[in-house]
Structure formats: structure tokens, C-alpha cells
Amino acid sequence: MLKQRVLTALIMAPVALWGLFGLSVDYYILFVSAIVLVASWEWSNLSGASRSGSLIYPLSMALVLLVLNDIRSERLDQAILYSAAAAWLAALWFVIQYPKKSIWKSTSARLLIGFVVLIPCWVGFVELRTSFWLGKEALLYILLLVWCADIGAYFAGRRFGKAKLAPKVSPGKSWAGVYGGLLATAILAVICAQYWGLNQKEMLTLLGITLLVTAVSVLGDLFESMVKRHQGMKDSSRLLPGHGGVMDRIDSLTAAVPVFVLSLKLAGLSL
């Protein structure tokens, strides 16, 4: 398993970095769209869609992305990001009350939720490259944030992880892991604030946004874990040997990216 994970990462990492940072904006949008469409196919399976539904669902997602890309505007993007923030608040309630009965347990509801999860993520990724002066650096920052959160959570969880965060949803996650992730991303925020030459107020703003987004990224991970647990699935697919599926790799980002972009805009922090 370790060998599989390493080999897949050695192939996947350069492709991801090239797609995110080496392409022009138009091709970057196509690259991000492709990732979202693969994730939507996996989401249809997580939702319990039929075989035909697993084909129709990504096609429907592709149509929505085409229309959105054609009619994109600041007002529309903002509305989608606000809706995503509200939706993740609702997701927190779903995670807290699991496994009690709720409307998300129907196939049609989960398919609809897939649009709510993936469309704002797409908008957020596109916004990072097209609406910020330091677009590539802002994009790298959110990726580093999620990676640092994962690394901090792993080591703190292994060392101090006795109190479980959400044992019915993801037994391996602990409160110590959350605190470790928050500490790691706080350090990241301070380092990057110094690198960007931010003043004290801007640094504190970036720190606050970073801690918020770190917490939200945990929620994104828990939400997908909840859906997988309900379906009795360990991974969203087997597309990435040793790593599961695309959704397993971007679950934290689906929540983190739209909240990050919206927070930067509301705070007036121009990266």
C-alpha cells in the first residue's frame, strides 16, 4: 500500500502542479473543471445513483459549469460563495446529528448536495486565479493551508489524540488533531504575512481567516466521511491507487476554497 501511495503521488503531484500553476487561465479553468467532473462522477456513486445516473450526473455538472463560465459575474460568484458558506453551516448540523434520520439520506438529496459542494469549489478555484493580484500565490496558500492542517492534525492526533472529534462519523479524528492543524496553519499564516509584507492589521486578518478556513476544511473532510459511512464505502473510487478517489483528495478543499475566497473579499484583503 505504501509503495502504491508513493508511486501514485509521484505521478499525480507533477500533473496537479502543472495544471494549477503552469497553464494559462483558460486552460486552468478547463483543468479545474475536469477535476470537478471526475469528482461529480464519484459523488454520484456515493449518492447511490443508478448506472445511467452515474453518466447523466457528470454531464449535468458539465452543463452547469459551461453555463456558469459563460455568464460569470462578480455578483453571481459572490452569491454562490455566500450560498456555500450557508450550506457548510447546514453541513455542520448534519455531521453533529449523524446518524439520526435526515433529508440528506435520500439519493436525490445527496445528488443535489453534490452540486452545492462542487460548484462553489469550482467558483472559488476560478476566482483565485482571476480575481486576485497574487492569484497563483493565493492558490498556493490555500493548498498549503490544507496540507499543513492535515500534517499538524496527523502528528498531534497521534501524540495526544484521546478525545475523539466525531467518532460516529470518522473515528480516527480527534480534538487534538484539530488543535494541531490550527497551530500548523497559524504558523503558516504568520510566515506568509511576513513574506507578503503585510502590516499588523492585515496579518491579524489573514490569521483569523486562516484559522476559520482550517476549521471549515475539517468539516469538508467530515462531511464526505459521513456520506461514505452511510453508503458503506471506504473510498470515493479507486482511480488513485493507494489514495482512493479524487473526492478523497479534495474533500477538505471543497469547503475551504469557497470560504477562503469569500473571507478574503469580505475582509478586503487583496492578495
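The rules behind each value
- Residues numbered from 1 in each chain as written.
- Predicted model: local features only at pLDDT ≥ 70, side-chain atom pairs only at ≥ 80, totals over all residues.
- Heavy atoms only, no water.
- Core = buried A, V, L, I, M, F, W, Y, C linked by side-chain atoms within 4.5 Å.
- Buried < 20%, exposed > 50% of the residue type's maximum accessible area, 1.4 Å probe, protein only.
- Helix = DSSP H or I, 4+ residues; strand = E, 2+ residues; numbered from the N terminus.
- Contact = heavy atoms within 4.5 Å.
- Axes fitted to C-alpha atoms, helices over the stretch in contact; angles between N-to-C directions.
- Parallel < 35°, antiparallel > 145°, perpendicular 65-115°, else oblique.
- Left-handed = near helix turned anticlockwise from the far one by under 90°.
- pLDDT = per-residue confidence, 0-100.

**Considering the nonpolar core**
1) Next: Core analysis: the biggest nonpolar cluster contains 76 residues, and Trp43, Trp122, Leu128, Tyr141, Ile142, Phe223 and Phe260 have the highest contact counts within it.
2) Next: Sorting elements by how many residues they give to this core places helix H9 (residues 246-267) first, with twelve residues.
3) Next: Residue contacts for phenylalanine 260: discarding those within four places in its chain leaves Leu128, Ala138, Tyr141, Ile142, Ile209, Val213 and Leu271.

**A few points about the packing of helix H6 (residues 135-160) against helix H8 (residues 200-231)**
1) Next: Axis separation between H6 and H8 bottoms out at 10 Å; the angle between their running directions is 60 degrees. On the basis of the axis angle, H6 is oblique to H8. Regarding H6 and H8, the two cross each other, and that crossing is right-handed. Contacts between H6 and H8 pair Tyr141, Ile142, Leu145 and Ala149 from the former with Leu206, Thr210, Val213, Thr214 and Ser217 from the latter.

**Concerning the packing of helix H5 (residues 107-130) against H6**
1) Next: Two elements in contact, H5 and H6, have axes whose closest approach is 6 Å; the angle formed by their N-to-C orientations is 140 degrees. Relative to H6, H5 is oriented oblique. When H5 is examined against H6, the residues Phe125, Leu128 and Arg129 are found in contact with a partner set consisting of Gly135, Lys136, Ala138, Leu139 and Ile142.

**Some words on the confidence of the model for the protein chain**
1) Next: Taken residue by residue, the protein chain gives an average pLDDT of 93. The fraction at 70 or more is 99%.
2) Next: Of all helices and strands in the protein chain, the one with the weakest mean pLDDT is helix H1 (residues 2-21) (82), whereas helix H7 (residues 175-196) scores best (97).

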